[in-house]
Amino acid sequence: MLDIQFIRENPEVVKESQRKRGESADLVDQVLQADRLRRDALADFESTRAEQKKMGKAVAAASAEERPAIIAQTKELAAKVSEYKETADKATEDYTTAMWKLSNIVEPEAPEGGEDDYVVVKKVGQIRDFAAEGFEPKNHLELGEGVAGIDMKRGVKVSGSRFYFLRGAIARLELAMLTMGVDQAERNGFIMATTPTLVRPEIMAGTGFLNSHAEEIYRLREPDEQYLVGTSEVALAGMHEDEILDLSHGPLKYAGWSSCYRREAGAAGKDTMGIIRVHQFNKVEMFVYCKQEESYEQHQKLLAMEQEMLGKVEVPYRIIDTAAGDLGSSAARKFDCEAWVPTQERYRELTSTSNCTEYQARRLNIRERTEDGSTRPVSTLNGTLATTRWLVAILENHQQKDGSVVIPAALRPYMGGREVIEPTSWEA
Ligand SMILES: Nc1ncnc2c1ncn2[C@@H]1O[C@H](COP(=O)(O)OP(=O)(O)OP(=O)(O)O)[C@@H](O)[C@H]1O
Ligand SMILES: N[C@@H](CO)C(=O)O
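Residues numbered from 1 in each chain as written. Chains lettered and ligands numbered in written order. Predicted model: local features only at pLDDT ≥ 70, side-chain atom pairs only at ≥ 80, totals over all residues. Heavy atoms only, no water.

- Looking at an unreviewed UniProt entry, one finds the chain named Serine--tRNA ligase, with Parascardovia denticolens DSM 10105 = JCM 12538 as its source organism.
- The heading Subunit (unreviewed entry) in the UniProt record of the chain holds the text "Homodimer. The tRNA molecule binds across the dimer."
- Under Function (unreviewed entry), UniProt gives the following word-for-word description of the chain: "Catalyzes the attachment of serine to tRNA(Ser). Is also able to aminoacylate tRNA(Sec) with serine, to form the misacylated tRNA L-seryl-tRNA(Sec), which will be further converted into selenocysteinyl-tRNA(Sec)." (UniProt positions renumbered as here; feature names shortened; annotations may be inferred.)

Here it is, written out as structure tokens:
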């Protein structure tokens, strides 16, 4: 949620941000109109209520002859008070509904446009020339099946399309990568947290996921009301709902470990092969609470954490600055890291880091105590540190001619020192 005082003073800035996102600029006028009506209605209610209180005292002080007239007046006032209360409640509800629809204000530096209008910030690593090495690269599923490590057929049998089993060395490789992510996070001051994956509707709405991405999210059937998270960002943001944090010693940082669930409703026919786009995957998520003025610097740090991890798994990648129209409603700015996938001859997203400034904190009422004793909303940021999808890039970029896969050196200590995953039969 945005700061109403800021909207009142800077309506054009908010409108421009909405325009940049491809969202309604008229919503800003609707919010301001609702704000005026709400304030007028509240003023009417409060002044009539004050009058009513005065009248109450007058009744007590009145003589027997005066009392019937005053009581009649009191009744009239009581009716007015309840009428104004109803109007004020309705106006507040309209105001809140409009406010909750507004997306965060886009950082001025974010590129204009939609999904394809990102700006490439930089490219890192050398893309392998498989032709020069004398063989045709296999895709991650062929490799995963070759080492008896990715089983889509049984995943589909058990759970439906876009489900899978990981087993043997590939299951260990996923665990190794996620654990390496947690180790790196802990070394950098993050607290590891395993999080709930079912959350209350208020928490899901508070993080901003029920706006444009609502159809992406699984919801339990009544009488249960929870949503399944698509990222532990949701639980980590909700963790401190209605709390006042002490950030005087620096940002509060979590590394969340969870399964993530996504309906992928808009992705029919897209990435149907293998584990690149699935309904359930695992993720280590970074989540930061910090002072408002620290969020820009913290965002750069999250991006640096992602780069360090990508460096350790030794895959070529690029960083993109996502355009305003492709930002989630909570994000003011977002950088994605995309790894090179040889058989697709293109970069695919492995990580995403967003600066949500005070947007989520206002919705979830998360504040910090300032030096003068007052409170103010904190900033929140999130970033991906490792996910199951990373296996796609690791397998394809580290494959050898015989279908084996070299384990990146940084991951070997997490794999009992193993250097290579060899092809094997399913029964082995
Ligand atoms: N359906 C999925 N299957 C596997 N991994 C996923 C899926 N959706 C997201 N991820 C992983 O979680 C990370 C963060 O998710 P994010 O919401 O940024 O993805 P996204 O923008 O929806 O990705 P894409 O554009 O590829 O669908 C992604 O970079 C990726 O590693
Ligand atoms: N929570 C963010 C970063 O991982 C996302 O899912 O995109």
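There is more to say after this.
## A look at the packing of aromatic side chains
1) Next: Summed over all chains, the structure comprises four aromatic pairs.
2) Next: Judged by centre distance (5.1 Å) and plane angle (70 degrees), the ring pair of F287 and Y289 falls under edge-to-face.
3) Next: Judged by its relative accessible area of 0%, F287 falls in the buried class.
4) Next: A centroid spacing of 5.1 Å and a plane angle of 70 degrees characterise the contact between W340 and Y347, whose relative ring orientation is edge-to-face. As far as burial versus exposure is concerned, W340 and Y347 are alike and both buried.
5) Next: Ring-pair connections join several aromatic residues into one group, and the members of that group are Y254, F287 and Y289.
6) Next: Its end group placed over the ring of Y95, R38 keeps NZ or CZ at 3.9 Å from the ring centre. (Phe/Tyr/Trp six-rings, centres within 6.5 Å; stacked < 30°, edge-to-face > 60°. Buried < 20%, exposed > 50% of the residue type's maximum accessible area, 1.4 Å probe, protein only. Lys NZ or Arg CZ within 6 Å of the ring centre and 35° of its normal.)

## Looking at the confidence of the model for the chain
1) Next: With 100% of its residues at a pLDDT of at least 70, the chain reaches an overall mean of 96.
2) Next: Scored as a whole, the predicted complex attains pTM 0.94, and scored at its interfaces, ipTM 0.98. (pLDDT = per-residue confidence, 0-100.)

## A few points about the UniProt feature "binding site: L-serine" (unreviewed entry) in the chain
1) Next: Following the UniProt record, one finds the feature "binding site: L-serine" (unreviewed entry) at T231, S232, E233, R262, E285, N382 and T384.
2) Next: Along the polypeptide, T231 turns up in the loop between β6 (227–228) and α10 (233–238).
3) Next: When neighbours within four sequence positions are excluded, T231 is seen to be in contact with F209, C260, R262, K283 and E285.
4) Next: In terms of polar contacts, T231 uses its side chain to reach the backbone amide nitrogen of E233, at 3.0 Å.
5) Next: With respect to the element layout, T384 can be found in strand β15 (residues 379–387). (Helix = DSSP H or I, 4+ residues; strand = E, 2+ residues; numbered from the N terminus. Contact = heavy atoms within 4.5 Å. Polar contact = N/O pair within 3.5 Å; in protein donor to acceptor, adjacent residues only side chain to side chain.)

## Notes on the side chain of Q298
1) Next: Relative to the helices and strands, Q298 is located in helix α11 (residues 295–313).
2) Next: Classification of Q298 as buried rests on a relative accessible area of 7%.
3) Next: With near-sequence residues (within four places) excluded, Q298 lies in contact with P251, K253, V288, C290 and L381.

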